[in-house]
Amino acid sequence: MRILVTGAAGFLGSHLCERLLNEGHSVVGMDNFITGSPDNLAHLANNPRFEFIRHDVANFIFVPGKIDAVLHFASPASPNPSSPYGYTNLPIQTMKAGALGTHNTLGVARAQNARYLLASTSEIYGDPLEHPQKETYWGHVDPIGVRSVYDEAKRFAEALTMAYHRYHGIDTRIVRIFNTYGPRMRLDDGRVVPNFIQQALRGEPLTVYGDGSQTRSFCYVDDLIEGIYRLLMSDEHLPVNIGNPAEITILEFAETINRLVGNQAGIIRKDHLRLGDDPQRRRPDITRAKEILKWQPTISLEEGIKKTIPYFKKKLGLE
């Protein structure tokens, strides 16, 4: 197939482009570099089956030639207000990517009679009252809070995708992505994985907010991309959670990072900084992914962190 991937220069988008090329497909990558980096695609530059278009998905999209599938991954994704790339600092761009970008990419799929895959998020569940979160859970969100620019953009994107599926008969898929980590994450992303690994590599104490009892479930990027690829090749139209159900507290995660890096500086506690309805617990129910896609993660947290550390070392000039 010839596949359009928006957000191609991002963390997930670049890994997705790589996987699709390895599977023998041709890829048209699209990005405006607002949060993505050309470095993430540099190794694909000489691949004859890879093309790149610099473009903002909020504007009308035209791609010459036949497109067989559209994967919409373009959006700021970090909730951290201390990062210039966080969606709270790019609120309008985030909403445009989720709303106008979804509309424009669905337009490409409709015009080309192409299959379509939307990258949605576990953030649509908000600060969940159900645990773990099933796809049938409607969510517990603040529609006007500081996080709403991302949450509501993705909720709208899902609704629009299903509208195109039901009304226009577009062959759509929706993946709800849970916390993912691995090489090519931005160092200045502001999220817990790059923050902790950088602090540990510099021999600094890891900063844990509150008592560290809030939980996350971390999925290594290769596992996630495998799940997404299986979903793309499936006939499933309803949302599917892709993530790792192994739940860990932030305090336990900090201790794990220190142990794997060999950082003796320990941990410091700071007052809990909660951004809006920042979820206190996050864990996917992946029953549907197991049943429909025959997928589940295979890479443990320890193994995945060991695969990620060399990338951060290189980026920090510590090799």
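What this report covers is the structure whose coordinates are included nearby. Position labels on residues start from 1 in each chain and follow its written sequence. In view of the model being predicted, local features appear only for residues whose pLDDT reaches at least 70, and side-chain atom pairs are presented and counted only at 80 or more, with totals across whole chains, interfaces and linings using the full set of residues. Excluding hydrogens and water, the side-chain values take into account all heavy atoms of the structure.

## Re the sheet that holds strand E11 (residues 240-242)
Pairing is parallel across the open sheet formed by seven strands, whose spatial order is E3-E2-E1-E4-E5-E6-E11. Lying at the two open borders of the sheet, with one neighbouring strand each, are strand E3 (50-54) and E11. The sheet shows a mean angle of 20° between the axes of neighbouring strands, direction not considered. Pairing between strands requires that DSSP locate at least two bridges from one strand to the other. Strands are runs of DSSP state E lasting at least 2 residues, helices are runs of H or I lasting at least 4, and numbering of each runs from the N terminus. Two strands pair when backbone bridges link them, and strand E1 (residues 2-6) and strand E4 (residues 69-72) are joined in this way by four bridges, in the parallel orientation. Residue Val 5 lies in a different strand from E4, and its bridge partner there is Leu 71. Seen against the sheet, helix H2 (residues 91-112) touches E1, E4, strand E5 (115-121) and strand E6 (172-177) and runs at an angle of roughly 175° to E4. The angle between two axes is taken between their N-to-C directions and runs from 0 to 180 degrees, where each axis is a line fitted to C-alpha atoms and a helix contributes only its stretch in contact. Residue contacts are defined here by distance: any two heavy atoms, one from each residue, within 4.5 Å place the two residues in contact.

## As for the packing of helix H6 (residues 250-261) against helix H8 (residues 301-315)
The geometry of H6 relative to H8 is characterised by a closest axis approach of 11 Å and an angle of 55° between their N-to-C directions. On the basis of the axis angle, H6 is oblique to H8. For the crossing formed where H6 meets H8, the hand is right-handed. Contacts between H6 and H8 involve Phe 253, Ile 257, Arg 259, Leu 260 and Val 261 on the former and, on the latter, Leu 301, Glu 302, Ile 305, Lys 306 and Ile 309. Per-class residue counts for the contact of H6 with H8 are seven nonpolar, no polar and three charged. Relative orientations are named as follows: roughly parallel for angles under 35 degrees, roughly antiparallel for angles over 145 degrees, roughly perpendicular for angles from 65 to 115 degrees, and oblique for any other angle. For a crossing to be left-handed, the near helix must be turned anticlockwise from the far one by less than a right angle; the clockwise case is right-handed. The residue classification treats Ala, Val, Leu, Ile, Met, Phe, Trp, Tyr, Cys and Pro as nonpolar and Asp, Glu, Lys and Arg as charged. All others, Gly included, are polar.

## Some words on the pattern of salt bridges
By salt bridge we mean one thing: a side-chain nitrogen of Lys or Arg within 4 Å of a carboxyl oxygen of Asp or Glu. The full count for this structure, using the stated rule, is 16 salt bridges. Linking Glu 226 and Arg 230 is a salt bridge whose minimum nitrogen-to-oxygen distance equals 2.6 Å. One end of the pair, Glu 226, and the other, Arg 230, are both in helix H5 (residues 221-232), four residues apart, so they sit about a helical turn from each other. Partly exposed describes any residue whose relative accessible area lies between the buried limit of under 20% and the exposed limit of over 50%, with all areas from a 1.4 Å probe on protein chains only and scaled to the type maximum. Classification of Glu 226 as partly exposed rests on a relative accessible area of 22%. One salt bridge in this structure joins Glu 302 and Arg 259, with 3.1 Å as the shortest N-O distance. Linking Glu 302 in helix H8 with Arg 259 in helix H6, this pair joins segments that are 43 residues apart in sequence. Residues joined in a network through salt bridges with shared partners are Arg 19, Glu 23, Glu 226 and Arg 230.

## Some thoughts on the nonpolar core
Within the largest apolar cluster, 58 residues are counted, with the highest numbers of intra-cluster contacts made by Val 5, Leu 20, Leu 71, Phe 73 and Ile 228. It is H5 that provides the largest number of residues to this core, a total of seven residues. Apart from residues no more than four positions distant in its own chain, Ile 228 is found in contact with Leu 16, Phe 73, Leu 117, Val 175 and Ile 177. What we call a nonpolar core is a set of buried Ala, Val, Leu, Ile, Met, Phe, Trp, Tyr and Cys residues that are connected through their side-chain atoms within 4.5 Å. If you look at the next biggest cluster of nonpolar residues, it comprises 20 residues, including Val 63, Ala 109, Leu 118 and Tyr 164.

## Quick look at the side chain of His 25
In this structure, His 25 sits in the loop between helix H1 (11-22) and strand E2 (26-31). Side-chain atoms alone can form a polar contact between residues adjacent in sequence; in general such a contact is a pair of N or O atoms within 3.5 Å, and within protein one must be able to donate a hydrogen while the other accepts it. Side-chain polar atoms of His 25 contact the side chain of Tyr 229, separated by 3.0 Å. For His 25, the contacting residues outside a window of four places in its chain are Met 1, Ile 3, Leu 20, Arg 49, Tyr 229 and Met 233.

## Some details on the pairing of E5
Here E5 lies mainly inside the structure; six of its seven residues are buried. Where E4 and E5 come together, four bridges link them in parallel fashion. For Ala 69, the partnering residue across the bridge sits in E5 and is Arg 115. Bridging between E5 and E6 involves six bridges; their strand directions are parallel. Looking at E6, one finds that Ala 119 is bridged to Val 175. Handedness of the crossover joining E5 and E6 through helix H3 (residues 148-168) is recorded here as right-handed. Look down the strands so they point away from you; if the path from the first strand over the helix to the second goes clockwise, the crossover is right-handed.

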